[in-house]
Amino acid sequence: QGANGALDTTYTEVVNLLKVVRRAKLSYLLGALLATAICLIGWVSWYFEELHLATTHPFDHALQGAAVAVLGGFMSVALSLSQFSIETEESFWMNMIYGALRIVVALICGFVVVLMIRTGIALTFLEKQDAFGGFLLACFIGGYSERFVTKTLRGVEDKSDKSSTD
């Protein structure tokens, strides 16, 4: 009974731990999905409201870029979930908030990419290609990878530092 009991106990603990990990990852993914859905519903409602007004606003490209960046952020969350280490000690709701926060970061990155392209500070090569397709692709990549945005911003900062010392 001793060895069998120890194995049964170990097996039960491992199974329970896997259940906790799956539940934590599920809550993280649900938070990301919920935040993505809210952002996309907001964009779609803005789009249909604009159709009724028959006007376009300069803010349209920023909203389109942000919506695509949110999709990039959700894709990043969904694809990296299996390798992602998540806090199993946190509550279900806290992990949902963490997932939603990841989408908020993707949204911010999308706005930063929009600003970099529109101001001509970075990613200006997109204007030479299919401007709108390249614009949306850059926003998607910005939402998918925060490192893309931070590396681009560091490049801008380095250029700024070089020009200020000249």
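Notes on the structure follow. (Residues numbered from 1 in each chain as written. Predicted model: local features only at pLDDT ≥ 70, side-chain atom pairs only at ≥ 80, totals over all residues. Heavy atoms only, no water.)

## Section: the overall build of the protein
Part 1: Helices and strands together make up the secondary structure of the protein, namely five helices and zero strands.
Part 2: Walking the protein from its N terminus toward its C terminus, one meets helices and strands in the order α-α-α-α-α.
Part 3: Out of the 166 residues belonging to the protein, those deemed buried represent 30%.
Part 4: Nonlocal contacts in the protein, meaning residues at least 24 apart in sequence, comprise 79% of its contacts between residues at least 6 apart.
Part 5: When the accessible area of the protein is evaluated, it comes to approximately 10,800 Å², of which 66% is carbon and sulfur surface. (Helix = DSSP H or I, 4+ residues; strand = E, 2+ residues; numbered from the N terminus. Buried < 20%, exposed > 50% of the residue type's maximum accessible area, 1.4 Å probe, protein only. Contact = heavy atoms within 4.5 Å. Areas by Shrake-Rupley, 256 points an atom, 1.4 Å probe, with all protein chains shown as cover.)

## Describing the nonpolar core
Considering soluble globular proteins, one finds that nonpolar side chains tend to be buried as a cluster.
Part 1: Grouped together as the largest cluster of nonpolar side chains are 12 residues: Ala62, Cys109, Val113, Val114, Met116, Ile117, Ala122, Leu123, Phe135, Ala138, Cys139 and Val149.
Part 2: Elements with a contribution of two residues or more to this core: α3 (92–119) and α4 (131–144).
Part 3: If one sorts the elements of this core by residue count, α3 sits on top with five residues. (Core = buried A, V, L, I, M, F, W, Y, C linked by side-chain atoms within 4.5 Å.)

## Thoughts on α3
Residues spaced three or four apart along an α-helix point in a common direction, a consequence of the helix completing one turn every 3.6 residues.
Part 1: An ideal rise of 1.5 Å per residue puts 40 Å on 28 residues; α3 measures up with 41 Å between its terminal C-alpha atoms.
Part 2: Within α3 the residues assigned to the buried category are Asn95, Met96, Gly99, Arg102, Ile103, Ala106, Cys109, Gly110, Val113, Val114, Met116 and Ile117.
Part 3: Positive backbone phi, approximately 75°, marks Gly120, located one or two places after α3. (Expected span 1.5 Å × (residues − 1).)

## Quick word on the packing of aromatic side chains
Part 1: Under the criterion given, the structure shown has two aromatic pairs.
Part 2: Considering the side-chain rings of Phe92 and Trp93, the 5.9 Å spacing of their centres and the 85° angle between planes classify their relative orientation as edge-to-face.
Part 3: For Trp93, a relative accessible area of 60% corresponds to the exposed category.
Part 4: Ring centres 6.5 Å apart and planes at 10° place the aromatic pair Phe140 and Tyr144 in the stacked group. Of this pair, Phe140 and Tyr144 both sit in helix α4, separated by four residues, roughly a single helical turn.
Part 5: Given the relative accessible area of 24%, Phe140 is considered partly exposed.
Part 6: Against the face of Phe135 rests Arg118, its NZ or CZ located 5.1 Å from the ring centre. (Phe/Tyr/Trp six-rings, centres within 6.5 Å; stacked < 30°, edge-to-face > 60°. Lys NZ or Arg CZ within 6 Å of the ring centre and 35° of its normal.)

## Digging into the packing of helix α2 (residues 60–80) against α4
Part 1: Between α2 and α4, the least distance of the axes is 6 Å, while the angle of their chain directions is 45°. It follows that α2 is oblique to α4 by the angle criterion. For the element pair α2 and α4, the recorded crossing hand is right-handed. Contact with α2, carried on its side by His61, Gln64, Gly65, Val68, Ala69, Leu71, Gly72, Gly73, Met75, Ser76 and Leu79, involves Phe132, Phe135, Leu136, Cys139, Phe140, Gly143 and Tyr144 of α4 and no other residues of that element.
Part 2: Class assignment of the residues belonging to the contact of α2 with α4 gives a composition of 11 nonpolar, seven polar and no charged. (Axes fitted to C-alpha atoms, helices over the stretch in contact; angles between N-to-C directions. Parallel < 35°, antiparallel > 145°, perpendicular 65-115°, else oblique. Left-handed = near helix turned anticlockwise from the far one by under 90°. Nonpolar A, V, L, I, M, F, W, Y, C, P; charged D, E, K, R; others polar.)

## Points about the pattern of salt bridges
Part 1: A full pass over the atoms with the stated rule returns one salt bridge.
Part 2: A salt bridge links Glu146 to Arg102, with the shortest nitrogen-to-oxygen separation between them at 2.9 Å. Of this pair, Glu146 sits in helix α5 (residues 146–165) while Arg102 sits in helix α3, placing them 44 residues apart in sequence.
Part 3: The exposure class of Glu146 is partly exposed, given its relative accessible area of 27%.
Part 4: With a relative accessible area of 11%, Arg102 lands in the buried category. (Salt bridge = Lys/Arg side-chain N within 4 Å of Asp/Glu carboxyl O.)

## Some remarks on the packing of α3 against α4
Part 1: Running from amino to carboxyl end, α3 crosses α4 at an angle of 145°, the nearest separation of the two axes being 7 Å. Considering only the axes of α3 and α4, their crossing is right-handed. Across the interface between the two elements, Arg102, Ala106, Cys109, Gly110, Val113, Val114, Ile117 and Arg118 of α3 pack against Phe135, Ala138, Cys139, Gly142, Gly143 and Tyr144 of α4.

## Focus: a nonpolar patch on the surface
Part 1: Taken together, the side chains of Leu101, Val104, Val105 and Ile108 make up a nonpolar region of the molecular surface, amounting to roughly 310 Å² of accessible area.
Part 2: Owing to a relative accessible area of 31%, Val105 belongs among the partly exposed residues under this scheme. (Patch = residues over 30% accessible without salt bridge, like charges linked within 9 Å, V, L, I, M, F, W, Y side chains within 5 Å.)

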